[in-house]
Amino acid sequence: MHVRHAILAVAAALSAAAAAAEPTTVSVGVCEMPGIFEFEGGEPTGAIADVWADIASRAGIQSRFVPERNIAALIADTAAGRIDVLLGPLAMTEARERQVDFTHPVMMSGMRIAVPGGPDRPWLAPLLSLVSREMLTVVLAIIALVIVTAHVLWFVERIRNPQAFPAGYREGVWEAIWWSISTIVTGGCEDKPIETTAGRAVAIVWMLGGITVVATLT
(Lines give C-alpha, C1' and ligand atoms only; values in the text may rest on other atoms or scores of the structure.)
Protein backbone atom coordinates (compact mmCIF):
# COMPACT_ATOMS: atom_id res chain seq x y z
CA MET A 1 0.00 0.00 0.00
CA HIS A 2 1.28 3.50 -0.78
CA VAL A 3 0.70 6.54 1.41
CA ARG A 4 0.63 9.87 -0.34
CA HIS A 5 2.56 12.53 1.52
CA ALA A 6 0.89 15.78 0.55
CA ILE A 7 0.90 19.42 1.55
CA LEU A 8 -2.55 20.72 2.32
CA ALA A 9 -2.95 24.38 1.34
CA VAL A 10 -5.79 26.83 1.45
CA ALA A 11 -5.77 28.59 -1.90
CA ALA A 12 -7.37 31.77 -0.56
CA ALA A 13 -4.62 32.29 2.00
CA LEU A 14 -1.81 31.89 -0.51
CA SER A 15 -3.52 34.07 -3.10
CA ALA A 16 -3.99 36.84 -0.58
CA ALA A 17 -0.37 36.51 0.50
CA ALA A 18 0.93 36.71 -3.04
CA ALA A 19 -1.19 39.78 -3.82
CA ALA A 20 -0.25 41.70 -0.68
CA ALA A 21 2.39 44.43 -0.88
CA GLU A 22 4.00 43.27 2.36
CA PRO A 23 4.69 39.66 3.40
CA THR A 24 1.64 38.08 4.95
CA THR A 25 1.92 35.68 7.87
CA VAL A 26 0.26 32.31 7.30
CA SER A 27 -0.64 29.92 10.11
CA VAL A 28 0.97 26.57 9.26
CA GLY A 29 -0.19 23.51 11.17
CA VAL A 30 2.48 20.89 11.77
CA CYS A 31 2.86 17.58 13.55
CA GLU A 32 6.41 16.47 14.32
CA MET A 33 7.51 13.26 12.59
CA PRO A 34 11.15 12.19 12.28
CA GLY A 35 12.55 12.96 8.85
CA ILE A 36 9.31 14.60 7.69
CA PHE A 37 8.95 17.63 9.96
CA GLU A 38 10.82 18.42 13.16
CA PHE A 39 12.04 21.40 15.14
CA GLU A 40 15.80 21.51 15.73
CA GLY A 41 16.95 24.47 17.75
CA GLY A 42 13.60 26.11 17.12
CA GLU A 43 13.99 25.84 13.33
CA PRO A 44 11.84 23.56 11.15
CA THR A 45 13.67 20.73 9.39
CA GLY A 46 12.68 17.71 7.34
CA ALA A 47 11.47 16.88 3.85
CA ILE A 48 8.10 18.63 4.09
CA ALA A 49 9.68 21.60 5.89
CA ASP A 50 12.05 22.09 2.95
CA VAL A 51 9.20 21.90 0.43
CA TRP A 52 7.16 24.41 2.38
CA ALA A 53 10.14 26.77 2.76
CA ASP A 54 10.48 26.86 -1.03
CA ILE A 55 6.74 27.48 -1.50
CA ALA A 56 6.71 30.27 1.09
CA SER A 57 9.76 31.89 -0.50
CA ARG A 58 8.20 31.82 -3.97
CA ALA A 59 4.87 33.16 -2.66
CA GLY A 60 6.54 35.85 -0.55
CA ILE A 61 4.85 34.87 2.69
CA GLN A 62 5.95 34.34 6.27
CA SER A 63 5.03 31.30 8.34
CA ARG A 64 3.77 30.95 11.89
CA PHE A 65 4.00 27.29 12.82
CA VAL A 66 1.22 25.83 14.95
CA PRO A 67 2.18 22.43 16.42
CA GLU A 68 -0.54 19.87 17.06
CA ARG A 69 -0.50 16.41 18.67
CA ASN A 70 -1.57 14.45 15.58
CA ILE A 71 -2.83 14.68 12.01
CA ALA A 72 -6.49 14.32 13.01
CA ALA A 73 -6.25 17.45 15.16
CA LEU A 74 -4.56 19.36 12.34
CA ILE A 75 -7.29 18.42 9.87
CA ALA A 76 -9.94 19.52 12.36
CA ASP A 77 -8.12 22.85 12.87
CA THR A 78 -7.86 23.38 9.10
CA ALA A 79 -11.52 22.57 8.50
CA ALA A 80 -12.50 24.98 11.28
CA GLY A 81 -10.29 27.77 9.90
CA ARG A 82 -7.96 27.91 12.90
CA ILE A 83 -4.95 27.36 10.64
CA ASP A 84 -4.39 28.27 7.00
CA VAL A 85 -2.10 25.52 5.80
CA LEU A 86 -1.46 21.98 6.98
CA LEU A 87 1.82 20.21 6.25
CA GLY A 88 1.82 16.42 5.78
CA PRO A 89 2.46 13.57 5.61
CA LEU A 90 -1.17 12.91 4.85
CA ALA A 91 -3.02 9.90 3.52
CA MET A 92 -5.43 11.34 0.96
CA THR A 93 -8.72 9.63 1.77
CA GLU A 94 -12.26 10.29 0.59
CA ALA A 95 -13.39 11.24 4.10
CA ARG A 96 -10.60 13.80 4.47
CA GLU A 97 -11.25 15.28 1.04
CA ARG A 98 -14.75 16.15 2.23
CA GLN A 99 -13.18 18.30 4.97
CA VAL A 100 -10.16 19.92 3.34
CA ASP A 101 -8.47 20.50 -0.04
CA PHE A 102 -5.23 18.72 -0.90
CA THR A 103 -2.39 19.69 -3.20
CA HIS A 104 -0.92 17.14 -5.56
CA PRO A 105 1.26 14.58 -3.77
CA VAL A 106 4.85 15.70 -3.33
CA MET A 107 6.32 12.29 -2.48
CA MET A 108 5.38 8.63 -2.33
CA SER A 109 6.47 6.08 0.27
CA GLY A 110 5.73 2.39 0.74
CA MET A 111 3.98 1.23 3.90
CA ARG A 112 5.26 -2.00 5.42
CA ILE A 113 4.28 -4.17 8.38
CA ALA A 114 7.10 -5.70 10.42
CA VAL A 115 6.70 -8.70 12.72
CA PRO A 116 9.21 -10.54 14.93
CA GLY A 117 11.21 -13.12 13.00
CA GLY A 118 11.18 -16.78 13.93
CA PRO A 119 14.17 -19.08 14.26
CA ASP A 120 16.24 -19.57 11.13
CA ARG A 121 15.14 -22.94 9.70
CA PRO A 122 15.70 -22.64 5.95
CA TRP A 123 15.03 -26.32 5.25
CA LEU A 124 12.08 -26.84 7.58
CA ALA A 125 9.77 -24.09 6.31
CA PRO A 126 9.45 -25.54 2.76
CA LEU A 127 8.78 -28.99 4.21
CA LEU A 128 6.10 -27.65 6.53
CA SER A 129 4.43 -25.88 3.61
CA LEU A 130 3.96 -29.28 1.94
CA VAL A 131 1.79 -30.50 4.80
CA SER A 132 -0.50 -27.50 4.95
CA ARG A 133 -4.23 -28.05 4.57
CA GLU A 134 -4.29 -26.20 1.25
CA MET A 135 -1.43 -28.23 -0.20
CA LEU A 136 -2.88 -31.55 0.97
CA THR A 137 -6.24 -30.61 -0.56
CA VAL A 138 -4.63 -29.87 -3.92
CA VAL A 139 -2.55 -33.06 -3.87
CA LEU A 140 -5.56 -35.24 -2.99
CA ALA A 141 -7.61 -33.57 -5.73
CA ILE A 142 -4.87 -34.28 -8.28
CA ILE A 143 -4.62 -37.93 -7.19
CA ALA A 144 -8.40 -38.28 -7.50
CA LEU A 145 -8.36 -36.75 -10.99
CA VAL A 146 -5.54 -39.07 -12.08
CA ILE A 147 -7.41 -42.15 -10.88
CA VAL A 148 -10.74 -41.11 -12.41
CA THR A 149 -9.13 -40.20 -15.74
CA ALA A 150 -7.21 -43.47 -15.80
CA HIS A 151 -10.36 -45.52 -15.24
CA VAL A 152 -12.27 -43.72 -17.98
CA LEU A 153 -9.38 -44.03 -20.42
CA TRP A 154 -8.86 -47.70 -19.69
CA PHE A 155 -12.58 -48.41 -20.10
CA VAL A 156 -12.81 -46.85 -23.57
CA GLU A 157 -9.44 -48.18 -24.82
CA ARG A 158 -9.27 -51.70 -23.35
CA ILE A 159 -11.05 -53.47 -26.26
CA ARG A 160 -9.54 -51.77 -29.33
CA ASN A 161 -6.15 -50.98 -27.79
CA PRO A 162 -5.16 -53.88 -25.50
CA GLN A 163 -1.45 -53.48 -26.34
CA ALA A 164 -1.32 -50.12 -24.55
CA PHE A 165 -4.16 -50.70 -22.09
CA PRO A 166 -4.63 -54.42 -21.26
CA ALA A 167 -8.17 -55.68 -20.76
CA GLY A 168 -7.38 -56.95 -17.23
CA TYR A 169 -8.55 -54.42 -14.67
CA ARG A 170 -5.49 -54.26 -12.43
CA GLU A 171 -2.92 -54.23 -15.23
CA GLY A 172 -4.98 -52.02 -17.51
CA VAL A 173 -5.81 -49.37 -14.94
CA TRP A 174 -2.19 -49.26 -13.78
CA GLU A 175 -1.05 -48.61 -17.35
CA ALA A 176 -3.71 -45.89 -17.67
CA ILE A 177 -2.53 -44.30 -14.41
CA TRP A 178 1.02 -44.35 -15.78
CA TRP A 179 -0.22 -42.64 -18.96
CA SER A 180 -2.08 -39.97 -16.94
CA ILE A 181 0.94 -39.17 -14.77
CA SER A 182 3.35 -39.12 -17.71
CA THR A 183 1.06 -36.85 -19.67
CA ILE A 184 0.56 -34.33 -16.89
CA VAL A 185 4.30 -34.23 -16.10
CA THR A 186 5.88 -34.41 -19.56
CA GLY A 187 2.98 -33.46 -21.82
CA GLY A 188 2.61 -36.87 -23.44
CA CYS A 189 3.26 -40.60 -23.33
CA GLU A 190 4.42 -41.68 -26.81
CA ASP A 191 4.70 -45.42 -26.07
CA LYS A 192 0.96 -45.60 -25.34
CA PRO A 193 -0.98 -44.25 -28.33
CA ILE A 194 -4.68 -43.48 -28.00
CA GLU A 195 -6.71 -45.11 -30.77
CA THR A 196 -10.39 -44.58 -30.02
CA THR A 197 -12.32 -41.35 -30.54
CA ALA A 198 -13.61 -41.44 -26.96
CA GLY A 199 -10.09 -42.07 -25.70
CA ARG A 200 -8.73 -39.11 -27.61
CA ALA A 201 -11.49 -36.90 -26.18
CA VAL A 202 -10.48 -38.00 -22.68
CA ALA A 203 -6.83 -37.34 -23.53
CA ILE A 204 -7.56 -33.85 -24.85
CA VAL A 205 -9.49 -32.91 -21.72
CA TRP A 206 -6.75 -34.33 -19.51
CA MET A 207 -3.89 -32.63 -21.37
CA LEU A 208 -5.61 -29.24 -21.34
CA GLY A 209 -6.71 -29.69 -17.74
CA GLY A 210 -3.19 -30.73 -16.82
CA ILE A 211 -2.02 -27.16 -17.41
CA THR A 212 -4.44 -25.96 -14.75
CA VAL A 213 -3.52 -28.81 -12.42
CA VAL A 214 0.21 -28.07 -12.61
CA ALA A 215 -0.40 -24.34 -12.18
CA THR A 216 -2.58 -24.96 -9.12
CA LEU A 217 0.01 -27.25 -7.55
CA THR A 218 2.78 -24.74 -8.22
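Structure: above.
Talk me through the nonpolar core; I want residue IDs and the actual numbers.
Membership of the largest hydrophobic core comes to 19 residues, with the highest contact counts inside it found for Leu153, Phe165, Trp179 and Ile194. When contributions to this core are tallied by element, the ones reaching two or more residues are α6 (133-157), α7 (169-186) and α8 (197-217). For this core, the leading source of residues is α6, giving 6 residues. Sequence-distant contacts of Trp179, defined by excluding residues within four places in its chain, comprise Leu153, Phe165, Cys189, Lys192, Ile194, Ala203 and Trp206. Core analysis: the second largest hydrophobic core is formed by 12 residues, Ile36, Ala56, Ile61 and Val85 among them.

Can you tell me about the pattern of salt bridges, naming the residues and giving the values?
Summed over all chains, the structure comprises 5 salt bridges. Put simply, Arg82 and Asp77 hold a salt bridge, and the shortest N to O gap is 2.8 Å. Take Arg82: its relative accessible area is 53%, and that puts it in the exposed class. Between Glu175 and Lys192 there is a salt bridge; the shortest N-O distance is 2.4 Å.

Calculation notes
- Residues numbered from 1 in each chain as written.
- Predicted model: local features only at pLDDT ≥ 70, side-chain atom pairs only at ≥ 80, totals over all residues.
- Heavy atoms only, no water.
- Core = buried A, V, L, I, M, F, W, Y, C linked by side-chain atoms within 4.5 Å.
- Buried < 20%, exposed > 50% of the residue type's maximum accessible area, 1.4 Å probe, protein only.
- Helix = DSSP H or I, 4+ residues; strand = E, 2+ residues; numbered from the N terminus.
- Contact = heavy atoms within 4.5 Å.
- Salt bridge = Lys/Arg side-chain N within 4 Å of Asp/Glu carboxyl O.

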